[in-house]
Structures are given as structure tokens and as C-alpha cells.
Amino acid sequence: MSSGPLLELASVTKRFGSIVVADSLSLILRGGDAVGIVGPNGAGKTSLFALISGDLSPNSGEVRFEGRPVTRLDPAARCRLGIARTYQVPRSFEHMTVFENVLVAAHRGAGLRGGEATDLAASVLEETHLHEEANWPASRLSLLQRKRLELARALGTGPRLLLLDEVAAGLTEPEVAGLVQVVEGIRARGIGVIWVEHVVRALVGLVDRLICLAGGRFIGDGEPLAVLATPAVKEVFLGTSYGEGNSS
Amino acid sequence: MTDTAAVGGRQRVTRSRRSAAWGALVGVVVVAILFSLPYLVYANVTGVLVNLFILVSLATMWNLLAGYAGLISVGQQAYIGVGAYAVFVLAGDGISPFLAIPLAALISALVGLPASFLLLRLRREYFAIATWVVAEAFQLVVVRSNSLGAGAGAPLPGMVGLDPALRQAFTYWAALAVAVAALLGTYLLLRSRLGLDLTAVRDNEVGARSVGVRVVRAKRIVYLVAAAGAGAAGAVLVISQLFVQPTAVFTVQWSAYMIFVALIGGLGSIEGPIVGTVIFFLLQQTLADRGAWYLIVLGAVAVLMAMWVPRGLWGLISDRFGIRLFPVGYWLHGMNPPATGPGPKTESPQA
Ligand SMILES: Nc1ncnc2c1ncn2[C@@H]1O[C@H](COP(=O)(O)OP(=O)(O)OP(=O)(O)O)[C@@H](O)[C@H]1O
Ligand SMILES: [Mg+2]
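Throughout what follows, the structure given in this document is the object of discussion. (Residues numbered from 1 in each chain as written. Chains lettered and ligands numbered in written order. Predicted model: local features only at pLDDT ≥ 70, side-chain atom pairs only at ≥ 80, totals over all residues. Heavy atoms only, no water.)

1. Regarding the overall build of chain B
Definition in use: We count a stretch as a helix when DSSP gives it H or I for four or more residues in a row; a strand needs E for two or more, and each element gets its number in order from the N terminus. Throughout, the radius of gyration refers to the C-alpha atoms, and the reference size of a globule is 2.2 Å times the residue count to the power 0.38. Partly exposed describes any residue whose relative accessible area lies between the buried limit of under 20% and the exposed limit of over 50%, with all areas from a 1.4 Å probe on protein chains only and scaled to the type maximum. Here the positive residues are Lys and Arg and the negative ones are Asp and Glu; neither His nor the chain ends is included. Charge positions come from single atoms, namely NZ of Lys, CZ of Arg, CG of Asp or CD of Glu.
Helix and strand counts for chain B come out as 14 helices and four strands. For a compact globule of 351 residues, the expected C-alpha radius of gyration is about 20 Å, and chain B comes in at 21 Å, within 12% of that figure. Principal axes of the C-alpha set define a box for chain B whose edges measure 65 × 50 × 45 Å. Looking at chain B as a whole, 52% of its 351 residues are labelled buried. Distance from the positive charge centre (23 side chains) to the negative charge centre (12 side chains) of chain B: 8 Å.

Structure (C-alpha cells):
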């Protein structure tokens, strides 16, 4: 598209009663950027994704995608524009096959029909290593496979911005490594990626920018190792294994 | 019917694991036999079948609403009434009641459009209650209109002078045509991209909208199709009874029948409402002269089915034998079937 930013948040604020989950957040992301987001439980990471994807509307502020305000658009409309997200708790279509799960995304998110849609769905399943399970009902999948299906379905919408919410949580080391490889491939195609993850090791190898979110505010933003070394970030993660980059 | 969506260099995708040709053949033969019945049997038999076809049409539409779009309506009698009165008015203008049936369906969908904007804002139980309120409101309007025969009703014009045997045969064919259209229309709708949308919405609404599905639009289309179907059924009803009366068409008892039939047959499958209607008629024929017992048995069957066979009789049959007459899923060839074991079947259980 244009050389302007892919995604822009301008002073986005979201409150639930007295809890402020997004405190006047501003952010600029360019196409092809890969950004990692870390933060303690309840920091507002999932809420930030919901504000970008349209699952939540902000109390104030604006969200722009490719220069266009999308704050008033619903999640389906934002998806059709090119914003795709995965959910921390998978939201598979249990009674549909894996292939059909992705096909809906190709139909509606990417706006394809017939052979073009089935081709995209089939190639996405191959990319996410789910093609062997294509004809399985989603209800048969394991946790790892469900996380992959979340990713496959998001990719099936033909996104230009991909929001990954803890897709590596609960996976083993080798599984995480496999996932990182898949995301690397996505990124190499020029798709912007924002990845929320507690497994910092997964992020550090992949992203070129790390944001630390706590209490609805950005308390660190920049080169990953530098961000992890700042006192404010260290303070938030004091007593946890974050600073060391351990995988849990 | 096994249309190949992609060949040559592409992975082959078909619309079911096995060919759907047998299902289609069975369907054609059954419809052909039913079509020729007026030449073969007495009118009292076709008379019973008219009521059966009306109920199949209604239950199929209710199943589409509840089993696919998750819309629990207890007010579809609103459109039975609109369809019936549309035929009445059109017949008064000199249009043959039989030709008025498709128009009645169209008018029902048009009336349903503004109602859908009101109703689809509401959630579950509020939606259900509101559909009933809409039906009651329609009835009030009719009761207050003297030109529509008000509360007492009026005979259907345009039917006199027709030979009774011919009239009964035409009525039978009209009822059959509406039932076939309801079933075929539902099948085609579920095979379309919209069908996949609906299944996704039913499984996970948040997930569906996150991949670009216009959830409300999908539900609205189903609501309007169901209104048209109920309207057509109402049109056949008034033609078979030769008389319109508000209490006969707008009664909530229609909803009770639709729900009963859809539940015992099985929600979320095209075959379910057919099976349910046949069971319902068998019960009705054997218990009709037992008065209150009829209702008690009906209620008991419904409760037991809901408790022990939540997927209905057709669900039981198709799980056991893996039969699917109307396949609407997709199959990616060259890939593994699901691992064996208990639980889901070897074919997309989408239908
Ligand atoms: N719909 C809601 N209504 C009320 N409070 C909410 C809602 N959604 C989230 N919250 C609250 O907002 C805060 C931030 O939640 P959020 O899910 O964004 O955190 P998170 O950073 O994703 O946490 P985790 O690491 O556990 O996933 C939490 O305190 C949560 O309880
Ligand atoms: Mg979260």
C-alpha cells in the first residue's frame, strides 16, 4: 500500500468501571514490522488486541488502519480490511472440519469464492502443518493443533496485520520452535505481526521491537534485549522468570 | 452431484466424501411417486398428505432458524397468517389462489424485513417472546380489518366452479411443491457460502465475526427465507381449508407443532424435520380419538426425546449408520480421514 503506517493508535483509552485497561495508548506500526508484547497477567494485552480488532470499542481515542479510521467498524469489517487476530482461548468451529474452519475465513475475510478460496485454505493448512488433519472435525484436535488452527484461520482471511494472542502458551519447547518458524515465514511475506506471549524466548528471536505493557500503559518500547534490561520492566517482572528469558 | 471445485495442479476438493448421486436419485424417485399419488389413491389420503407437507415445510423452516441460525422463534405463525391473507386478498383481485402462492411467499418476506430489524437486535429469550408479540400484533390488525373478514373470517374466493376432484389434486400438488421447494431451498442455501457461515456462527459467533462473517446479515437472510417458507405454507393451508380465519392461522399451536417436529426429528439436519413430521403424523393417527391422551403422549415424547436423544431421531440414525442424504460439507482429497474411535463421524458433521 502507501508508505504510511500500517496501524496507528492515537490516545486510545478503555475503561471497565474503575479498571483502566488501555490508558491513552499511542502506537505506530509499519508494514512488515514484527512487534512483541509482554506484560504481567491482567496488564491489558488481550484488551489491546480487542481494541485493534474491534471486539472492544474504546472510550476515547482512534484506531487507524492503513491511514483509514476504523474505530467505528465492527470486527468482521476490520477483518475484511486486513486485520486478523487469534484468540488466547481458541474459538474453533467445533462441528466443522479443519478445512471448513479455514474456508470460511477465505470466503469472508479474504473475499474469495470457489477454487480460489479452496486453494487458499489448502495452502494455509500446509503452511501451518495442519493439512494431514484437513478433514478432521475441529473437535478432534489437540491443544497444539487448535492453536495452529487459530493461526491458520487468521491467515485464511488474507491479512496484512496479524495479531497473535499467546499462540505458544502451553506448548513444549520444540513445538514453540516450530511455531516461531511458521511465524517467521508469515513475516517474510510482508505481513505485519504483533505477538503477545509469555514465552519471551519465542519473541526475542523473532521480533525487532518489544513493547512492555503494565496496568494499561506502555512501560518499555524498543530493541527487545534493551527493553528487558530497563529498570521499569525489570521491576514489573521482579520475582518472575521474564528477565532471564525463560520459557514459562 | 459431486462437483469438483479444483483440478489439475490444485488439490481436489469435493462437496462430500462420497458421491451424493444416490441421495439425489432417492429424492427424485420419492418425489415422482408422491407426484403421481392423486392418480392412484383416494382424496382422503392426499388430504392427509397435504397437512403433512404443510408441516414438513414449516418444520424445515423452523429448523433452519433454530438449528442453523440459532434463532428460537415462537412466532412463525405470523407469516402463516400473512401468507394466508395474501392469498385471500390476491384471490379477491382475481388472481388464481394457486398462482398466488409464490407471491404470498414474497409478501411474507417483505413483511418480515422491517420486523427483522426490530427482532434481530434482541437476544435469545427476548427474541423468542418478541416473535410471539409480532404474531399477536398481526392478528390484532387482521381482526380489526373488516375487509379481511375481521374475527369471523371469510371464504376464499376464486375456488368455486373448480371440480372438487381437480381442486383436491391441485391443492395436493401445490402442497408437495411447497414442501419440495422448502427442502431443496434449504439444501442449496446450506451448501452455499452462507451455509458455512451459519454453521460457523452456530459453533462460535465471536470466532465467526473475527474471520469476516457478517453475522447479523446471515441471520437476517435466514429469517426472511423462513418467513417466505411459512408464508407459502400458510397459502397452501388457506387453499386446502377454503376459508381464512385469524384464530386458525395465527395460533401459537403452529409453533408448538413446528418445535415438536423439529426436536423429535433432530435439529440441525435437513432430514430431521421429515422424520419428525412422519412420527408426528403416526402419533396423531393412532391417538387422535383418545382426546387428552393425545396431548399427554405428545408432551411425554417431546420431554423424553429432549432428555435422552438431544440430536433427535435422525441424529441417532445418521450417527449409527453414517447416512447423510444431503451432504453439504467439503472434503479435501488425498488427506487422511479422521483417526478412528468414538466421537465424531467420518464425514463433516455440518449437515
Ligand atoms: N469484558 C471485561 N469486563 C470487565 N473487565 C474486563 C473485561 N475484559 C478484561 N477485563 C479486565 O481487564 C484487565 C485486563 O485484561 P486482559 O485480558 O486484557 O489482560 P491480559 O494482559 O491479556 O492478561 P493475561 O496475560 O492473563 O491474558 C483484567 O483485569 C481483566 O479482568
Ligand atoms: Mg490475555
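The discussion continues.
2. Regarding the overall build of chain A
In terms of helices and strands, chain A carries nine helices and ten strands. Its C-alpha atoms give chain A a radius of gyration of 18 Å, within 12% of the compact-globule value 18 Å for 248 residues. In terms of overall dimensions, chain A has C-alpha extents of about 50 × 40 × 35 Å along its principal axes. Buried residues in chain A amount to 57% of all 248 residues.

3. Description of the site of ligand 1
All names here are of chain A. Rule in force here: Working definition: residue near molecule or strand if any one of its non-hydrogen atoms lies within 4 Å of it. In protein, a polar contact requires one atom able to donate a hydrogen and another able to accept it; more generally it is a pair of N or O atoms within 3.5 Å, and residues adjacent in sequence count only if both atoms are side-chain atoms. Under the grouping applied here, Gly and all other residues not named as nonpolar or charged are polar, the nonpolar ones being Ala, Val, Leu, Ile, Met, Phe, Trp, Tyr, Cys and Pro and the charged ones Asp, Glu, Lys and Arg.
Neighbouring ligand 1 are 13 residues, the closest being Gly 42, Lys 45, Thr 46, Ser 47 and Gln 88. Between ligand 1 and Ala 43 there is a distance of 3.2 Å, counted from an oxygen atom to a backbone nitrogen or oxygen. Within the contact set of ligand 1, an oxygen atom lies 2.9 Å away from a backbone nitrogen or oxygen of Gly 44. Considering every element that reaches the shell around ligand 1, the biggest residue donor is helix H1 (residues 45-53), with three residues. Broken down by class, the residue content of the shell around ligand 1 amounts to four nonpolar, seven polar and two charged.

4. Focus: the coordination of the magnesium ion (ligand 2)
Residues and elements named next belong to chain A. Rule in force here: Because water is not among the atoms used, a metal site may look incomplete, as its donors are only the N, O and S atoms within 2.8 Å, or 3.2 Å for Na, K and Ca.
For the magnesium ion (ligand 2), the full set of protein donor atoms is Thr 46 (OG1) and Gln 88 (OE1), and the range of their distances to it is 1.9 to 2.2 Å. With Thr 46 in helix H1 and Gln 88 in the loop between strand E6 (83-85) and helix H3 (98-108), this residue pair connects regions lying 42 residues apart in the sequence. Using a relative accessible area of 31% as the deciding quantity, one classes Thr 46 as partly exposed. A relative accessible area of 32% places Gln 88 in the partly exposed class.

5. A look at unusual backbone geometry
Residue and element names in this part refer to chain A. In the Ramachandran plot, Glu 66 falls in the positive-phi region, its phi being about 50 degrees despite a non-glycine side chain. Accessibility expressed as a relative area gives 24% for Glu 66, which makes it partly exposed. Located in the positive-phi region is Glu 166, a residue other than glycine, with phi close to 50 degrees. Looking at where Glu 166 falls in the secondary structure, it is placed in the loop between strand E7 (161-165) and helix H6 (173-188).

6. Points about the packing of aromatic side chains
All names here are of chain B. For the record, the criterion: Between 30 and 60 degrees the pair is tilted, below 30 it is stacked and above 60 it is edge-to-face, where a pair is any two Phe, Tyr or Trp rings, Trp via its six-membered ring, whose centres lie within 6.5 Å. Here, a charge over a ring means that NZ of Lys or CZ of Arg falls within 6 Å of the ring centre while also lying within 35 degrees of the ring normal.
By the definition in use, this model includes 14 aromatic pairs over all chains. Aromatic pair Phe 280 and Phe 281: ring centres 5.9 Å apart, planes at 70 degrees, arrangement edge-to-face. Classification of Phe 280 by relative accessible area gives buried; the value is 2%. With relative accessibility at 8%, the residue Phe 281 sits in the buried group. Sitting above the plane of the Phe 117 ring, Arg 220 keeps its charged end 3.9 Å from the centroid.

7. Digging into the pattern of salt bridges
Formally: Just to be clear on terms, a salt bridge is a Lys or Arg side-chain nitrogen sitting within 4 Å of an Asp or Glu carboxyl oxygen.
What the rule picks out here adds up to 16 salt bridges over all chains. A salt bridge links A:Arg187 to A:Asp208; the nearest nitrogen and oxygen atoms lie 2.5 Å apart. Residue A:Arg187 is located in helix H6, and its partner A:Asp208 is located in the loop between helix H7 (200-204) and strand E9 (209-214); the two are separated by 21 residues in the primary sequence. For A:Asp208, a relative accessible area of 41% puts it in the partly exposed group. Here B:Lys219 and B:Glu205 are joined by a salt bridge, their closest N and O atoms 3.4 Å apart.

8. A word on the sheet that holds strand E4 (residues 60-65) of chain A
Residue and element names in this part refer to chain A. Short version of the rule: The pairing criterion for strands is at least two bridges between them, as found by DSSP. For this analysis, residues touch if any pair of their heavy atoms sits within 4.5 Å. Fitted lines through C-alpha atoms give the axes, limited to the stretch in contact for helices. The angle between two N-to-C directions lies from 0 to 180 degrees.
An order of E2-E1-E4-E5 is seen for the four strands of this open sheet, with the pairing classed as antiparallel. Either end of the sheet is taken by a strand with one partner, and the two such strands are strand E2 (19-29) and strand E5 (68-69). As defined by bridge partners, strand E1 (residues 7-16) adjoins E4 across five bridges and the pair is classed as antiparallel. The partner of Thr 13 across the bridge, within E4, is Ser 60. Those strands touched by H1 are E1, E2 and E4, and its axis lies near 120 degrees from that of E1.

Take it as geometry only, folks, not as evidence of what the structure does.
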